[in-house]
Amino acid sequence: MTYRKVALIGLGLIASSMYWAMKRAGMETHVSGYARSEKTRETARRLGLCDVVCDSLEEVVKDADLVVLAVPVGAMGGIAETIAPHLKPGATVTDVGSVKRAVIEAVRPHIPEGVHFVPAHPMAGTEHSGPDSGFASLFDNRWCLIVPDGAPDAATAALEDFWHALGANTERMDVQHHDLVCAVVSHIPHLIAYTMVGVADDLRRVSDQEVIKFSAAGFRDFTRIAASDPTMWRDVFLTNKEATLEILGRFTEELFALQRAIRTGDGDTLFDYFTHTREIRRGIL
Ligand code: NAD
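Residues numbered from 1 in each chain as written. Predicted model: local features only at pLDDT ≥ 70, side-chain atom pairs only at ≥ 80, totals over all residues. Heavy atoms only, no water.

### Comments concerning the pairing of strand β5 (residues 92–95)
- Here β5 shows two buried faces, one formed by Thr-92 and Thr-94 and the other by Val-93 and Asp-95.
- The pairing of strand β4 (residues 66–69) with β5 spans 4 bridges and is parallel. If you follow Val-67 over to β5, its bridge partner there is Val-93.
- Tracing the backbone out of β4, into helix α4 (residues 76–83) and back to the parallel element β5 gives a crossover that is right-handed.
- For β5 and strand β6 (residues 116–117), the ladder comprises 2 bridges, and the chain directions are parallel. Bridge pairing links Thr-92 to His-116 in β6. (Buried < 20%, exposed > 50% of the residue type's maximum accessible area, 1.4 Å probe, protein only. Helix = DSSP H or I, 4+ residues; strand = E, 2+ residues; numbered from the N terminus. Pairing = 2+ DSSP bridges. Right-handed = clockwise from strand over helix to strand, strands pointing away.)

### Notes on the side chain of Glu-160
- Topologically, Glu-160 is positioned in helix α6 (residues 153–165).
- For Glu-160, a relative accessible area of 11% gives the class buried.
- Apart from residues lying up to four places away in sequence, Glu-160 is in contact with Ile-146, Thr-170 and Arg-172. (Contact = heavy atoms within 4.5 Å.)

### Considerations on the pattern of salt bridges
- Per the stated rule, a full pass over the model turns up 19 salt bridges.
- Here Glu-246 and Arg-250 are joined by a salt bridge, their closest N and O atoms 2.7 Å apart. Of the two residues, Glu-246 and Arg-250 both sit in helix α10 (residues 241–263), 4 residues apart, roughly one turn of that helix.
- According to the relative accessible area criterion, Glu-246 is partly exposed, its value standing at 37%.
- Each member of the salt-bridge network shares a partner with another, and the members are Glu-38, Arg-41, Arg-45 and Asp-55. (Salt bridge = Lys/Arg side-chain N within 4 Å of Asp/Glu carboxyl O.)

### Side note on the layout of surface pockets
- Looking at the second largest pocket, its volume works out to about 490 Å³.
- If you list the elements that add at least two residues to the lining of the second largest pocket, you get α7 (175–207), α10 and α11 (267–284). (1 Å grid on protein atoms, 1.4 Å probe; cavity = no way out; pocket = protein on both sides within 12 Å on 5 of 7 lines; lining within 4 Å. Points joined across faces, edges and corners; volume = space filled by probe spheres on them.)

### Here we look at the domain arrangement of the protein chain
- Here the protein chain is described as being made up of domain 1 (5–173) and domain 2 (177–284).
- The straight-line distance from the C-alpha centre of domain 1 to that of domain 2 is 30 Å.
- Summed over both partners, the interface of domain 1 with domain 2 comes to about 1,300 Å²; 65% of that surface belongs to carbon and sulfur atoms.
- In this assembly, domain 1 and domain 2 are joined by 1 salt bridge.
- In this structure, Arg-224 engages Glu-127 in a salt bridge whose closest nitrogen and oxygen atoms are separated by 3.7 Å.
- Of the residues that constitute the side of domain 1 that touches domain 2, the class distribution is 9 nonpolar, 4 polar and 3 charged. (Domains from an automatic or database assignment. Buried area = accessible area lost by both parts, 1.4 Å probe. Nonpolar A, V, L, I, M, F, W, Y, C, P; charged D, E, K, R; others polar.)

### Quick look at the sheet that holds strand β2 (residues 30–34)
- Ordered in space as β3-β2-β1-β4-β5-β6, the 6 strands form an open sheet in which the pairing is parallel. Only two strands of the sheet have a single neighbouring strand rather than two, namely β3 (52–53) and β6.
- Both strand β1 (residues 5–9) and β2 contribute to a ladder of 5 bridges, which runs parallel. Bridge assignment links Lys-5 to a residue of β2, and that residue is His-30.
- In the packing of helix α1 (residues 13–24) onto the sheet, the strands contacted are β1, β2 and β4, and the crossing angle to β1 comes to about 155°. (Axes fitted to C-alpha atoms, helices over the stretch in contact; angles between N-to-C directions.)

### What to know about unusual backbone geometry
- Within the chain, Asp-63 stands out as a residue other than glycine whose phi angle is a positive 65°.
- Its location among the elements puts Asp-63 in the loop between α3 (57–61) and β4.
- The backbone of Asp-149 sits at a positive phi, close to 45°, despite the residue not being glycine.
- With respect to the helices and strands, Asp-149 occurs in the loop between β8 (143–146) and α6.

Quick look at the structure:
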């Protein structure tokens, strides 16, 4: 099944990439878009993003078969509440949020009878944000995790087909597993990048010596990741508290073990650890 009309709410990196990927796929779907700020709406119109850019939430969801919430996680509940009375019976509401339990708790209570809610999370992004940062190939060969959480199979399968057309592979997952997996492969790595750049900057301030200027490949990647959108990442940590604290605890244990090996000159432990992680990397290539 293809959607006749899709509404994109929030016109940033993910929504704009979805629009360009839909166009690339040749989907004959009418796409309406909405962003909160007048400036973003003007930029979207100038870029030709969406078939129509609407000035209200009520207008953007009118007659939509699929409504995509592509705003920061903390804003999703309020938007769901506002659009609820205007949703078409039989429509599907989905989201692209980086956490799922908090989104489901905030959004599901507002979904009216006869409308389906199928949460999703495309595992693709860059450090850029805003309506001019999107591109058609963002989702190519990337995972889009689908968390049906009780949604009917037909609505879930239709959303999977949609994401396949956008270039992504899909996998169904339960909500708890999703939030834990994302804490490991995305959220804590971002926290480490933010922290490393903070440490380098602190060193510069204390010693009054340049540090970041000399960054080479690995550290440059940290600075790139640490340039990611502050609102989005604040919301991720506030709403995936349990899983990120769980993984942070495990990470700290591993770090202490390596710290001890360094302090005691235990080269075997360091060598074995690094050999093991190199094998993991080779296994995924
Ligand atoms: P972005 O900052 O590029 O865009 C967000 C858009 O939402 C902006 O246009 C902003 O103006 C709008 N917005 C913010 N608050 C709003 C509100 N209350 N009402 C209406 N519009 C509002 O962000 P993005 O990277 O596209 O992220 C959007 C969602 O996708 C987030 O939930 C994020 O967790 C998720 N996500 C992001 C990435 C990534 O790496 N960037 C990856 C996967 C999922």
